[in-house]
Every structure is written in C-alpha cells, then in structure tokens.
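Chains, contacts and geometry: an overview
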Amino acid sequence: MIRNFIISGSGGQGVLSIGTILANIFMLSDKFVSFIPCYGAEMRGGAVNCEINASDEELLCIQNKEVDIVVALNQTSFDKFISKVKKNGTIIVNSSLAKINKTRDDIKYIFAPLTQEALKLGNIKTANSIALGILSKITDNFSIENVKKAYEKILKDKKDLIQKNIEAYFVGYNYIQER
Amino acid sequence: MNKELLKGNIAIAKAALNCGCNCYFGYPITPQTEIGEYLSKQMPANKLAYVCAESEIAAINMALGAASTGAKVMTSSSSCAVSLMQEAISYASSDELPIVIVNVMRAGPGQGYIFPSQGDYNQATIGGGNGDYKTIVLSPSSVQECIDLTYRAFYLAQKYRTPVILLADGLLGQMAEAAELTENPYPEIDNSNWRLDGAKNRPSREIHSLEPDQNKLNRHIVKLYQKYSAIEQNECDYEEYKTQDAEVIITAFGTMARYAKALCNHYRNKGVKIGLFRPKTLYPFPYKRLNELSQKAKIVIDIEMNMGQMLKDVRLAVLSNAQVAFIGKPVGDWLREEEMINAANNILKERYASI
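Residues numbered from 1 in each chain as written. Chains lettered and ligands numbered in written order. Predicted model: local features only at pLDDT ≥ 70, side-chain atom pairs only at ≥ 80, totals over all residues.

Residue and element names in this part refer to chain B. With 13 residues, helix α2 (residues 33-45) extends 19 Å from end C-alpha to end C-alpha; this agrees with the ideal 18 Å at 1.5 Å per step. Along its length, α2 shows its largest kink, about 30 degrees, at Leu39. The complete set of buried residues in α2 reads Glu34, Ile35, Gly36, Tyr38, Leu39 and Met43. With its phi angle positive at about 60 degrees, Lys47 sits one or two positions after the end of α2. (Helix = DSSP H or I, 4+ residues; strand = E, 2+ residues; numbered from the N terminus. Expected span 1.5 Å × (residues − 1). Bend = angle between axes of the 7 residues up to and from the residue. Buried ≥ 20, exposed ≤ 12 C-beta atoms within 10 Å, placed from the backbone.)

In structure tokens:
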C-alpha cells in the first residue's frame, strides 16, 4: 500500500522538520519512503511544503497529483493545498491561523488550534509536532520507540527541544480521542 | 543494513568523500548547491581541498590542474553552468584527465529555471566542446544509485583517464530516500606512471592538448578512440524490468524510468506484455542489447522529461525492428502516471483492445 502526504505552511513553522521526522519514522518502520521539499527563496515567511510517500514496495512515482493527507499550518497553505487532497482523504488544518471553512464535501476535515495548543505547552514552535501527532493517529500504529528515535536524530543539535516536541506529538496524538 | 534518509545531493557528496575525492572545485547553483555546501564543511575539516571558485569556468579549470597532479577530483554544477564547462571538458578529454563532473539538471535552454528536467542528455552524451572526443555519462535513478554511480564515476575516470559525467536531475538531487552508504567496491588505480608530481629522479612529463605535429595529433586521436572503443565494449550498463516476453518496450533514463516502471505495472495488470529498458550508461549507450530486445518487440516507447533527446539513440538501436514512439514533456512537474497513461493509451489502443 502506498500512502502519501503533503505538509505545508510558512518558513519557520517547522514544515520540513516534521516532514523529515515523518519520513524517518517510516524508514525506521522498514517502509520505502521518499521526501521532497519545495520552498521559495525566503528562509522565513515564504511558502514551504514537502511531499512524503511511504510504501511496502519500491516507490516509483514520487510526485503525485493528489495525496491521502494534507497538513496545512496556515491559511495560505489551506487555500492552496485543499485541492490536492484525494477523495475521502483528510486535511488537518491549524485553526489558530486559518478560518474554519469546508469548501469540499468529499474529504474529511480536522481543524485543531495548533498554535494555541502549542502556547499552552509553553513553546509556540511545537505546533508542528502537535500536527504530526494528529497525522500519526489517523495514519498508522507507529512504535513509540521509532517516533522517539526520529526526533532524537533530527533534533540532535537541539537536544533541549526533543522532550518538548515529543510531549507535543502526544498532545496531538491524543487530540482526536479527547473530542 | 545501515540505511539513512539522504538527499540525492548529499548522497553524491558523501560517496565522493568515501571513495577518496580529495579536491572539489565548484560554484553554487540550484538545484545542486547542497553538494558544495556539504563538502565545504567536511573537506577543510579533513584537510582536503575545497575551493568555491569565482565561476564555473574557473572551477573546471582548477579541476583539470588538480587532476594532472593525480588528485581525485570532482566538480558539480547544473545545466546552464555546465554549458560553461564544455571547453574544459574537451581539453580534459584530450589531456586524458580523470575528473568527475556532476550535473544535477535543471530546466533550459538558456538560464531556464530551477525546475527539474532531463534536457542535458545531448549536452552530456554528445558534448559541446570542440574536436573528436566522448565523455562517459552515468545516469542514476534513485538516491542509492547516486551513491553507487558516484563510486563508479570515480573508478571509470581513473581507469580510462577520461572525464566522467554523473547526470542526475533536480528531482533526484532534492529528494530524500533511505539509502545505504556502502563501501566503495572498486580498486584504486595506480596513476604514478603519468601524474605530474615533480620530476626528481625521473624524466620530465607533459600534459597538454596542443600538438603542432600533424602525425602525432592523428595518432593521439586514434589512441583516444581505441580507448572509447574499449569503453563501449566493456562498460555498457542497463536495467531491464519484465523484458523477458515484452512486445512493448519502454525506454527511459534517470528518475523518469521509475515512473515508466509504474506504467509497465499498470499495463501488465491489463495483460499487455510490456517491459522497461533503462540505460544506466548514456554513453556508452547499450545499443546492442536494446537492438536484441527490439527484435522481439512491436513497439518501443521512449519516455523523457525533454523533447526527445535519447530518442535518436533509441532509434539507432531499434532501427526498423519495431515502431518507435515518444512521450515527453520538457520541464517542471514530472510527467504524472495518469499523464503517461493517457499518452500511452493513444499509442497502444490500436493494438490492444483490452486497455
């Protein structure tokens, strides 16, 4: 089975970080995986997105017309990528930075105030990890060990952030259950 | 296996270091800048020569100079800037200098843009320099092959004392996949009989392409062509996928070949006997094997992210054995599976009612 994802937002929101972490989790789970970043010239503030594909077999098509799950961390990316969600697919939207608006009725929506939830955790920069937690919950039964390993690898130069982000990941993971 | 998630560009840089590249000269250009960026940290720290040159012309000429001393040299660039290197590639071929040139293709012609493309097939395989010369061209289609073929590029450059081009594309350079940084499988080639390392206790040597003696120049070029002939004889490399009973053969190189494989799977499920032939060496092009396969085939469909550059080599291999068709798009978003299927349906529908 092939599963594909787009994670989108603006520079500085940690789009590529959680994209890389997700790709690493799949790799550690013995899946074939591809990760393609796409960004403008700006390091901060510009539009950023990445596409991740995971499969049990060799990955052939790396860029797809539509994907199973889109994560939109702001309004611009919500507007831009809603058309890329497959029929019956899901879009996870940061409702702190995007208006709740359902323009398509053939997809599922998860609106979550990621920025507010991150502020509650004391670090606004963990909104991306909350989104990754939600995505994981509806995607796969990742082993906690692999999730931790992936975070430790990607944040190896920012060790103090690992614990906070894993905490945020589980806030996201448990988010749907609580509602 | 010890796999890690690697970008194509980083994989090339790591493999170069792993097989002993000790001199890198380059100038930044998207979509290959990460190669230089990675090496700029690693090489000085390991007392290896890294130079961010003032231009691509300077970079490749530095590469020539360093290679003449026996160093293991690499430069990397992209399309429009590889155009600037053509003169030096001609010189390096005549000088018989082993240099590895990485071209992570972007869109052209002219400056084009940073979209991925396969528009430099002609530039790489035919070359834009003057005179009679040929350049070995290797074409990876996955991040793992970026590693494997970087090793091979260094090996073939040293073995034949000739420039080798590693022809990747922007998609492969930028994307990350799980890959294993294996050990370099190739032996070291002794260059002590030609390198310029000081003439103490031995007769002096020269490396230059200037040759005012007509007979000598003729002999030199004939000798180069004997070498090319050996390369054509020994180094053709390709991948075949479900070609055993194929009536329809898809030809594609690089990243495009992965999408072509998906197309094969699509039509196999519909009962079409279809297979993929992917040259891994674009020069030497595997004419012989493709000719053999085409004798049993009805149609050969060439798929490229350009307007049909490998197509002429495919035609030269297939001759009149089978019908040759082409599906292509010059730049940008890679040809999607559904786009390829639409185009291929038009070609195949006359013969295969089942699709």
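Bringing helix α11 (residues 287-295) of chain B into the picture now. Residues and elements named next belong to chain B. Buried within α11 are the following residues: Leu290, Leu293 and Ser294. Down the axis of α11, the buried side of the element spans an arc of 100 degrees, and every buried residue falls inside it. Opposite the buried face of α11, by more than 90 degrees, sit the exposed residues Lys288 and Gln295. Here the buried face of α11 lies against β11 (248-251), β12 (274-279), β14 (299-304) and α12 (311-318). (Arc of directions from axis to C-beta. Contact = placed C-beta atoms within 7 Å.)

With that settled, consider the domain arrangement of chain B. Residue and element names in this part refer to chain B. The assigned domain composition of chain B is domain 1 (3-192 + 208-234) and domain 2 (239-348). Here the C-alpha centroids of domain 1 and domain 2 sit 27 Å apart. Of all the elements, helix α6 (residues 121-125) adds the most residues to the side of domain 1 that touches domain 2, at 4 residues. Classifying every residue of the side of domain 1 that touches domain 2 gives 13 nonpolar, 9 polar and 3 charged. (Domains from an automatic or database assignment. Nonpolar A, V, L, I, M, F, W, Y, C, P; charged D, E, K, R; others polar.)

Residues and elements named next belong to chain B. With an omega dihedral of -5 degrees, the bond running from Gly108 to Pro109 counts as a cis peptide bond. On the secondary structure map, Pro109 appears in the loop between β5 (99-107) and β6 (113-116). At the junction of Tyr283 and Pro284, the peptide bond is cis and its omega measures out at 0 degrees in the coordinates. Relative to the elements of secondary structure, Pro284 occurs in the loop between β13 (281-283) and α11. Positive phi, close to 50 degrees, is recorded for Arg161, a residue that is not glycine. Examined against the element boundaries, Arg161 turns out to sit in the loop between α7 (143-160) and β8 (164-169). Assessed through the 19 C-beta atoms surrounding it within 10 Å, Arg161 is described here as partly exposed. Its identity as a non-glycine residue notwithstanding, Lys242 has a phi of 55 degrees, on the positive side. Checked against the element boundaries, Lys242 lands in the loop between β10 (238-241) and β11. Of the residues examined, Lys242 has 17 C-beta atoms within 10 Å and is grouped as partly exposed.

Between chain A and chain B, the residue contacts involve 13 residues of the former and 17 residues of the latter. When contributions to the side of chain A that touches chain B are tallied by element, the ones reaching two or more residues are α1 (15-28) and β2 (32-39) of chain A. Sorting elements by how many residues they give to the side of chain A that touches chain B places β2 of chain A first, with 5 residues. Within the side of chain A that touches chain B, the residues separate by chemical class into 9 nonpolar, 3 polar and 1 charged. Bridge analysis of β2 of chain A against strand β9 (residues 176-180) of chain B gives 2 bridges, and the strand direction is antiparallel. Bridged to Phe35 of chain A within β9 of chain B is Ala176 of chain B. (Pairing = 2+ DSSP bridges.)

The sheet built from 8 strands is open, its strands ordered β6(A)-β5(A)-β4(A)-β1(A)-β3(A)-β2(A)-β9(B)-β1(B) with mixed pairing. The two strands at the open ends of the sheet, each matched to only one other strand, are β6 (108-112) of chain A together with β1 (3-7) of chain B. Within this sheet the neighbouring strands show an average axis-to-axis angle of 20 degrees, counted without direction. The sheet contacts of α1 of chain A involve β1 (2-10), β2 and β3 (47-55) of chain A together with β1 and β9 of chain B, and relative to β3 of chain A the element is tilted by about 5 degrees. (Axes fitted to C-alpha atoms, helices over the stretch in contact; angles between N-to-C directions.)

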